[in-house]
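Examination of the molecular architecture
Single-letter residue listing:
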Amino acid sequence: MSDQLLAARHLRVLFPLKGDQAVHAVDDVSFSMRERETLGLVGESGCGKSTLARAIMHLQPLTSGQIIWRGVSLNALKPRELHDRRREFQMIFQDPLASLNPRMTVATLVAEPLRALRPNLRAEEVRDIVSNMIGRVGLEPSTLDRYPHEFSGGQCQRISIARALVVDPKLLVCDEPVSALDVSVQAQILNLLKELQASHDLSLLFISHDLSVVRHMSDRIMVLYLGRIMEFGSRDRLLDSPRHPYTRALISAAPIPNPEIERTRRAPPLKGEVPSPIDPPSGCVFRTRCPKAAERCTVDVPDLRPIGPGQNVACHFPN
Amino acid sequence: MENPSPLEPLLKVKDLHTKFTGPDGDVNAVNGVTFEIKAGETVGVVGESGSGKSQTFMSILGLLARNGVASGSAEFHGEELIGASNRTLNKVRGRAIGTIFQDPMTSLNPYLPIGRQLTEMLTVHRKVKAKEARYAAAQILSTVGLPDPSAQLRRYPHQLSGGMRQRVMVAMALIADPELLIADEPTTALDVTVQAQILELLRSVGRDRHRSVILISHDFGVVAGLADRILVMYAGAIVEQGPAADLFRAPRHPYTRALMACTRGLDPEAGLPADGDLAVELPPGHLPSIPGQPPDLRRLPMGCAFQPRCAQARARCLLSAPENYAVGPDRLSACFLERKGMAPKLVPSS
């Protein structure tokens, strides 16, 4: 595929513990992303969303697996070469205030990635690029001389976005970018991300636990559970006709702001909670909470296999 | 005190104000809140951060931070709680009013097994003997859906998962059989599949035990399935209140409408309100949002607090804060827009 931006092959991230135990954060995850595409990543806490994002960003070493970035295997690059590639993929985080240095002005904060990744720019060029970027994320030029604590959560997230996009990346990894924001402000940031995606030809890896946010943003969606892909497919197919029992449960557990729908709600879709990733269940990791689990699920790990156009599922008994 | 007349409200709050003194000026957290909670009803309190929804109830329970001062009135069964002594408050807190907070880990004592924390509620508040209390504790844990309750009693909070801890919090709030349960963002720290379980549990408290429940949330979706009545708060004031079905079907206050549009914009299944106007034309693919930021509670805007972000603000809105207007059966909206037209009855304020 010519417009392929990134291919992840059999990514695995284990965090070793005492003895021969380990936290299985990401387990055999493979996927690819196209240019200008938004890939949504959903799952509950502890399912490996953030670890996967950090692995893609090369902020987290892989236990095994390979990341191919625009045809080149990133694992094979020397640190120097990797540094040169950093411009092409950037990340924003959940807590925007925590990810900004409180002692730096907005101008310094937004200029910092340019200084690190494009050291040959002259000071006035940096200043021009920074003030242009601040305008594009919807902030006033007067914000440049101020400090992060003077801004609200939504404005800090705008500053973080400016900081990430100032080096003109190809991929923006967004790790729960609106979860810490008020509902009325969330939409401002989501709209901004969509606008900037169009104007900058960006691909987004968009992580959220909120299915409605992911629905709005994504072209394709990947559902993770205990570090493994349960279902992966185009947004509408996956959400309108989910094939994996876990995807179905996630969709039906989300409360809908309409009492007429909520009043008819039946029993909660899943019992219990996500098991420990230290000793994940044998066979299919979801089987301990799955309404359809059978003998086979305790033994065989289901492969992720195609089950229709643009839809893949890892389940022995898909719907 | 145990048998209130069904007509008398359980909790009656009148013109409640709460201020926090700080180095950069006073924070006006609650600015004149008036409402009633009837016996057996579930009331959803919806608002964004800084709307005063938590501080309203912290004021009522006498749990404000040291620099906070509450004034006004909050009567529980006719007994004044604002300014009441700790002796009075301790009779009410835990016993007549149970509370559940967002983060169970900070509400539970990490040094005590959960059995001890549960039985304490009975031995202190209800003077129950230790053995009976232990039996009741195991009973209540099984009611909230914890497997193997007698074994759980010996465990410490850190040995439980987040969902199990929140179940323990619900059990603690219920064990003394309070008449009113205040749940402040009880599911915000939980995953959706666990949230659905806890909401189901709270629903059964209201339905099966006929207790009053106050459910505080930033999420209209969370309150939609449970609340009989909704209060919407903004900048420390109630901007709109009414029966849940009516308020969801046809929200009146511009803030309620805008906030609901934000929530529903993300949820195609929810459908927009029948008269859903979004004030501005949205480009395709764009979500409705509210421009600007929630107000700084140290420097509230002139007039109506929502006016700087309101698409329908008029000059009038800058002059003074609007009073409550009756906009239907049991419905109030604090907006000058309700004044136009034929007979918008002005509800006497306090």
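Since this is a predicted model, take the numbers as computed values, not measurements.

What to know about the overall build of chain A
When you go through chain A residue by residue, the secondary structure sums to 10 helices and 12 strands. Seen through its C-alpha atoms, chain A measures out along the principal axes to roughly 65 × 55 × 45 Å. Relative to its 319 residues, chain A shows a buried fraction of 48%. When contacts within chain A are restricted to residue pairs at least 6 apart in sequence, long-range pairs at least 24 apart make up 65% of them.

Describing the packing of helix α4 (residues 114-125) of chain B against helix α7 (residues 162-175) of chain B
Residues and elements named next belong to chain B. Contact geometry for α4 and α7: axes closest at 8 Å, N-to-C directions at 20°. Taken together, the axis directions place α4 and α7 in an arrangement best described as roughly parallel. When you trace α4 past α7, the crossing you get is right-handed. Contact residues: α4 offers I114, Q117, L118, M121 and L122, while α7 offers V168, A171, M172 and I175. Classifying every residue of the contact of α4 with α7 by side-chain character gives eight nonpolar, one polar and no charged.

Some thoughts on the sheet that holds strand β8 (residues 203-207) of chain A
Residues and elements named next belong to chain A. Here eight strands make up an open sheet; going across it, the order is β6-β7-β8-β3-β9-β10-β12-β11 and the pairing mixed. With one partner strand each, in any of the chains shown, β6 (89-92) and β11 (305-308) form the two edges of the open sheet. The mean inter-strand angle of the sheet, taken between neighbouring strand axes irrespective of direction, is 20°. By the bridge criterion, three bridges tie β11 to strand β12 (residues 311-313) in an arrangement that is antiparallel. Residue pairing across strands places G308 opposite Q311, the latter belonging to β12.

Digging into the interface of chain A and chain B
The partner chain B presents 41 residues to the 35 residues of chain A that form the contact. For the side of chain A that touches chain B, the secondary-structure elements that each account for two or more residues are α6 (183-200), α7 (211-217), α9 (245-253) and α10 (259-262) of chain A. For the side of chain A that touches chain B, the element with the most residues is α6 of chain A, which contributes eight residues. When the residues that make up the side of chain A that touches chain B are grouped by side-chain class, the tally is 18 nonpolar, 10 polar and seven charged.

Thoughts on the packing of helix α5 (residues 153-165) of chain A against α6 of chain A
Residues and elements named next belong to chain A. Two elements in contact, α5 and α6, have axes whose closest approach is 10 Å; the angle formed by their N-to-C orientations is 15°. The angle between α5 and α6 places the two elements in the roughly parallel class. In the crossing of α5 with α6, the sense of the turn from one axis to the other is right-handed. Taken together, the residues of α6 that come into contact with α5 (itself represented by G153, G154, Q157, R158, I161 and L165) are V185, Q188, I189, L192, L196 and H200.

Points about the sheet that holds strand β1 (residues 11-20) of chain B
All names here are of chain B. An order of β2-β1-β4-β5 is seen for the four strands of this open sheet, with the pairing classed as antiparallel. In the strand order of this sheet, the two ends are held by β2 (27-37) and β5 (79-80), each with one partner. Bridge analysis of strand β4 (residues 68-76) against β5 gives two bridges, and the strand direction is antiparallel. For F76, the partnering residue across the bridge sits in β5 and is E79.

Describing the pairing of strand β10 (residues 228-234) of chain A
Residues and elements named next belong to chain A. Judged by how many residues are buried, β10 sits mostly within the fold: six of seven residues are covered. Linking strand β9 (residues 220-225) back to β10 in an antiparallel pair, the connection comprises two residues, with L226 at a positive phi of about 45°. Alignment of β10 against β12, held across three bridges, turns out to be antiparallel. The residue of β12 that forms the bridge with E231 is V313.

Observations regarding the nonpolar core
For soluble globular proteins, the rule of thumb is that nonpolar side chains tend to be buried together. One finds V110 and L205 of chain A together with A171, I175 and I214 of chain B to be the most contacted residues of the largest nonpolar core, which totals 190 residues. Looking at this core element by element, the count peaks at nine residues for α7 of chain B. No fewer than three residues from each of domain 1 (8-96 + 178-344) and domain 2 (109-177) of chain B sit in this core. Those residues in contact with A171 of chain B that lie beyond four places of it in its chain are L118, I140, L141 and V144 of chain B.

Re the environment of A305 of chain B
All names here are of chain B. Along the chain, A305 falls in the loop between α11 (254-265) and α12 (316-319). The spacing of A305 and Y234 is 71 residues in sequence and 7.7 Å in space, taken between C-alpha atoms. When near neighbours in sequence (up to four residues on either side) are disregarded, A305 contacts Y234, A235, A237, P295 and L300.

Observations concerning the domain arrangement of chain B
Residues and elements named next belong to chain B. Under the domain assignment, chain B is made up of domain 1 (8-96 + 178-344) and domain 2 (109-177). Each of domain 1 and domain 2 was reduced to a C-alpha centroid, and the two centroids are 31 Å apart. Contacts between the two partners involve 12 residues from domain 1 and, on the opposite side, 12 residues from domain 2.

A look at α4 of chain B
Residues and elements named next belong to chain B. Its 12 residues give α4 an end-to-end C-alpha distance of 17 Å, which sits within 8% of 16 Å, the value for a rise of 1.5 Å per residue. Turning to α4, its buried residues are I114, G115, Q117, L118, T119, M121 and L122. Lining the buried residues of α4 we find α5 (130-143), α6 (149-152) and α7.

Brief notes about the environment of G72 of chain B
Residues and elements named next belong to chain B. With respect to the element layout, G72 can be found in strand β4. For the pair formed by G72 and K14, sequence separation is 58 residues and the distance between their alpha carbons is 6.1 Å. With residues up to four places along the chain from it excluded, the contact list for G72 reads K14, D15, L16, H17 and I82.

Topic: the environment of N312 of chain A
All names here are of chain A. Relative to the helices and strands, N312 is located in strand β12. Taking the number of C-beta atoms within 10 Å as the measure of exposure, N312 has 20 and is therefore buried. With 271 residues separating them in the primary sequence, N312 and L41 have C-alpha atoms 14 Å apart. Beyond its immediate chain neighbours, meaning those up to four positions away, N312 contacts E231, F232, G233, L304, R305, P306 and I307.

Cut-offs used in this document
- Residues numbered from 1 in each chain as written.
- Chains lettered and ligands numbered in written order.
- Predicted model: local features only at pLDDT ≥ 70, side-chain atom pairs only at ≥ 80, totals over all residues.
- Helix = DSSP H or I, 4+ residues; strand = E, 2+ residues; numbered from the N terminus.
- Buried ≥ 20, exposed ≤ 12 C-beta atoms within 10 Å, placed from the backbone.
- Contact = placed C-beta atoms within 7 Å.
- Axes fitted to C-alpha atoms, helices over the stretch in contact; angles between N-to-C directions.
- Parallel < 35°, antiparallel > 145°, perpendicular 65-115°, else oblique.
- Left-handed = near helix turned anticlockwise from the far one by under 90°.
- Nonpolar A, V, L, I, M, F, W, Y, C, P; charged D, E, K, R; others polar.
- Pairing = 2+ DSSP bridges.
- Core = buried A, V, L, I, M, F, W, Y, C linked by C-beta atoms within 7 Å.
- Domains from an automatic or database assignment.
- Expected span 1.5 Å × (residues − 1).

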